[in-house]
Structures are given as structure tokens and as C-alpha cells.
Amino acid sequence: MKIGVTGVAGRMGRMLVQTILETDGVSLAGGTERPGHPLVGSDLATLVGIPASGQMIVDDAEAVFIEADAVIDFTVPETTANHARLAILHETALVVGTTGLTAEETAALKAAAEAVPVVQAANMSVGVNLLLGLTRQVAAILGEEYDVEIVEMHHRHKVDAPSGTALALGHAAAAGRGTSLDSASEGVLAGRSGSRRHGSIGFAALRGGDVVGEHSVIFAGEGERIELTHRATSRAVFAKGAVRAAQWTLARPPGLYGMRAVLGLD
Ligand code: NAD
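Residues numbered from 1 in each chain as written. Predicted model: local features only at pLDDT ≥ 70, side-chain atom pairs only at ≥ 80, totals over all residues. Heavy atoms only, no water.

Along its length, the chain carries 9 helices and 12 strands. Over its C-alpha atoms the chain spans a radius of gyration of 19 Å, differing by no more than 12% from the 18 Å that the globule rule assigns to 266 residues. For the chain, with 266 residues in total, the buried portion stands at 50%. Restricting the contact set of the chain to residue pairs at least 6 apart, pairs at least 24 apart contribute 67%. For the chain, the accessible surface area stands at approximately 12400 Å², while carbon and sulfur atoms represent 52% of it. Computed over 21 positive and 29 negative side-chain charges, the inter-centroid distance for the chain is 4 Å. (Helix = DSSP H or I, 4+ residues; strand = E, 2+ residues; numbered from the N terminus. Rg over C-alpha atoms; globule rule 2.2 N^0.38 Å. Buried < 20%, exposed > 50% of the residue type's maximum accessible area, 1.4 Å probe, protein only. Contact = heavy atoms within 4.5 Å. Areas by Shrake-Rupley, 256 points an atom, 1.4 Å probe, with all protein chains shown as cover. Lys, Arg positive; Asp, Glu negative; His and termini not counted. Charge placed at Lys NZ, Arg CZ, Asp CG, Glu CD.)

Further remarks concern the packing of helix α5 (residues 126-142) against helix α6 (residues 164-176). Packed helix pairs are specified by the crossing angle of their axes together with the interaxial distance, meaning the distance between the axes. Running from N to C, α5 and α6 cross one another at 30 degrees; their axes reach a closest spacing of 7 Å. Crossing of α5 against α6: the hand is right-handed. For the pair α5 and α6, the contacting residues are V128, L131, L132, T135, R136, A139 and A140 in the first and T165, A168, L169, A172, A173, A175 and G176 in the second. When the residues that make up the contact of α5 with α6 are grouped by side-chain class, the tally is 10 nonpolar, 3 polar and 1 charged. (Axes fitted to C-alpha atoms, helices over the stretch in contact; angles between N-to-C directions. Left-handed = near helix turned anticlockwise from the far one by under 90°. Nonpolar A, V, L, I, M, F, W, Y, C, P; charged D, E, K, R; others polar.)

Moving on, we get to the pairing of strand β1 (residues 2-6). By the criterion of burial, β1 is predominantly enclosed, with 4 of the 5 residues buried. As defined by bridge partners, β1 adjoins strand β2 (residues 27-32) across 5 bridges and the pair is classed as parallel. Counted as the bridge partner of I3 is L28 from β2. For the crossover that starts at β1, traverses helix α1 (residues 11-22) and ends in the parallel β2, the hand is right-handed. Here 4 bridges tie β1 to strand β4 (residues 70-73), and the two strands are oriented parallel to one another. Across the sheet, I3 pairs through a bridge with A70, a residue of β4. (Pairing = 2+ DSSP bridges. Right-handed = clockwise from strand over helix to strand, strands pointing away.)

Another point: the site of the ligand. The ligand sits among 22 residues. The nearest are R11, M12, E33, T99 and M124. One of the backbone nitrogen or oxygen atoms of A122 is found 3.0 Å away from a nitrogen atom of the ligand. Considering the ligand on its own, with 860 Å² of exposed area, one finds that the protein chains cover 82% of that surface. Each residue belonging to the shell around the ligand can be placed in one class, and the counts come to 8 nonpolar, 10 polar and 4 charged. (Near = heavy atom within 4 Å. Polar contact = N/O pair within 3.5 Å; in protein donor to acceptor, adjacent residues only side chain to side chain.)

With that settled, the discussion passes to the environment of G258. As for its placement among the helices and strands, G258 is situated in the loop between β12 (255-257) and α9 (259-262). Along the chain, G258 and G49 lie 209 residues apart, while their C-alpha atoms are 32 Å from each other. Apart from residues lying up to four places away in sequence, G258 is in contact with V119 and Q120.

On to the nonpolar core. Grouped together as the largest cluster of nonpolar side chains are 35 residues, with contacts concentrated most on L16, L47, I72, V95, V119 and M259. Of all the secondary-structure elements, those providing two or more residues to this core are β1, α1, β4, β5 (93-96), α8 (236-249) and α9. Among the elements that make up this core, the one with the highest residue count is α8 (7 residues). Sequence-distant contacts of M259, that is, excluding residues within four places in its chain, are made with V119, Q120, A121, N123, M124, N129, G241 and A245. In terms of nonpolar packing, the next biggest core, distinct from the first, is built from 20 residues, L142, I201, V217 and F219 among them. (Core = buried A, V, L, I, M, F, W, Y, C linked by side-chain atoms within 4.5 Å.)

Below, the discussion takes up the sheet that holds strand β9 (residues 201-207). Whether parallel or antiparallel, the strands of a sheet pair through hydrogen bonds between backbone atoms. Strand order in the open sheet formed by 5 strands is β8-β9-β7-β10-β11, with mixed pairing between adjacent strands. The open sheet terminates on both sides in strands that have one partner only, identified here as β8 (185-188) and β11 (225-232). On average, adjacent strands in this sheet sit at an angle of 15 degrees to one another, irrespective of strand direction. In terms of strand pairing, strand β10 (residues 213-220) meets β11 through 8 bridges, oriented antiparallel. Residue pairing for β11: A220 is matched across the bridge by R225.

Strand order across the open sheet formed by 7 strands is β3-β2-β1-β4-β5-β6-β12, with parallel pairing between neighbours. Looking at which strands have only one partner, the edges of the open sheet turn out to be β3 (57-58) and β12. Bridge analysis of β4 against β5 gives 4 bridges, and the strand direction is parallel. Of the residues in β5, the one forming a bridge with V71 is L94. Packed onto the sheet, helix α4 (residues 103-113) meets β5, β6 (117-120) and β12 and runs at close to 145 degrees relative to β6.

Below, the structure written as C-alpha cells:
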């Protein structure tokens, strides 16, 4: 199976190239970067420190969509929406890890999912997808008497806050309580004042250093507190999950899928 990677020079892009090269049964269909990026025209192999492969980093995403069976996208939201249109045009499966998508950009993915298999997940690690299920389960058992706070920390370069994973955990907690995050969200801590609203779900986002990704869901009740925590120490867990998702799309009907489906947890 041939897999293309967009945004290959990024933190996740490099990890994806490495993971594809190390995974049996898959090969690299090509890699893209944004027009004007200094590495456009360089050999893809330079990203991972191996001898020249003869495959160059291109800024023409369409060429990669034509060549690939599936494309993995960890870039920026506006680019992801454009890639969703290319996926329809060339019937290429799409795996999207990019977070912070607007409603319009999400609609572009949904449109692609009418034509091809699309896997979208704010977090592609096995551990976080287990955490999502546990969060829903614990929230259902404890109910609204336990305040839910979701605390996340990421490296200093991350642009969106709270993280897509934190929001997914918020949705899981709300679903466990039989409500929606839209009605329950307390917003991000820095923007809050006054006492806590009963049944609300709060978020706190910390940024600094090289933290790959940490998420805690805190259920705080009268006299006790339960905390569920996941710490990613290497981006390899996201890349492995994304490659597994790309392999899973093969011969799958069109549709918008999550990582829980890929991992067989649904
Ligand atoms: P990054 O900034 O290191 O990499 C993004 C890359 O995309 C950059 O190299 C950039 O030049 C490139 N890019 C921008 N516009 C492009 C275009 N038009 N065509 C091709 N490439 C383009 O960021 P990162 O840390 O790798 O994260 C990327 C995204 O993935 C973020 O939204 C992040 O939140 C998300 N992420 C998701 C998961 C997950 O498991 N779903 C895990 C980690 C990161």
C-alpha cells in the first residue's frame, strides 16, 4: 500500500516518514511541504537521515494524491480542507490528525467522507483512545456531583488551545453524563471567574518546553478526587496510529471514522 504524507518537514511529518519506512507492507508515495518551504526539492530521505531515496519533497499536493492509496495529513487546518477536496477528486483515502479545524473545514472533511474513507482523530494514540472510553464510563457512573476539569500540557509551539484531545475528552465526559459539551463547557480556566456552575466541564491549557502531550481528566467530588492521566513521551505513538489508520482504510467504504473504529474499540 502506498501512503503519502503532507507537511513532511513538520514534527509529525518527519515521524510519519520514519514510521512508514519502518512498517512492513507500506511504502512512501511522496511527501509535500508548503510552497516556499526551504526543503521543497530536497530528497525525502534527508528528513530522517538515511541515504538518498530519489523521492523529492514537493509543493504540489495533487501529485501525491494521484500516486497514493491513502494520504496522512498533519498540517494546518486551511491546508487540510484543501486536501479533503483532492481526496474526492482522486479517490484517495485520507487520515487527518490536524487539529483546530473550523466548522467550515470540518464540513470539507465530511464532504470527502461521502466519497472516500476518512479517518479523523485529535489523538491517534492507543492510550488516549482508551482514556476516551474510560472518561465516558467514569463520568456516567459519577454523574454531575463530581466536577470535571480537563488539564492539558503541550510544547511551546502548539497553536490551538485547549487541544483537540482535551475537547474530545470533554465530549466523552459530557456524553457519559448524557449531555453535550456545548451546554456543559466552562471554557478555559484563564477566561473564567466566579464560582463553578453545577454540572459544568472545565478546561485548563498549559504550554511550555518540549512536552509532547499530557492530558488529565479530574473528577472532583466532596471528600475525594479521581484523576485519569495519559502522558505521551514520543510522537511515534501518534505516527504509528496514523499509519495503522491508513492501512485500515484499504477496501473500506466511504465514511467518516474515528480511531476507536480503527482500533476495534467501538
Ligand atoms: P508542525 O508545525 O511541526 O508541522 C506542520 C507542517 O505542515 C509544517 O512543516 C508546515 O510547513 C506544513 N504545512 C503548512 N502548510 C502546508 C501546505 N500548504 N502544504 C504542505 N505542508 C504544509 O506541527 P506538528 O506538531 O507536526 O502538528 C501538526 C498538526 O497535527 C497540529 O494541528 C497538531 O495539533 C496535530 N497533531 C495531532 C496529533 C494526533 O494524534 N491527531 C498528534 C500530534 C499533533
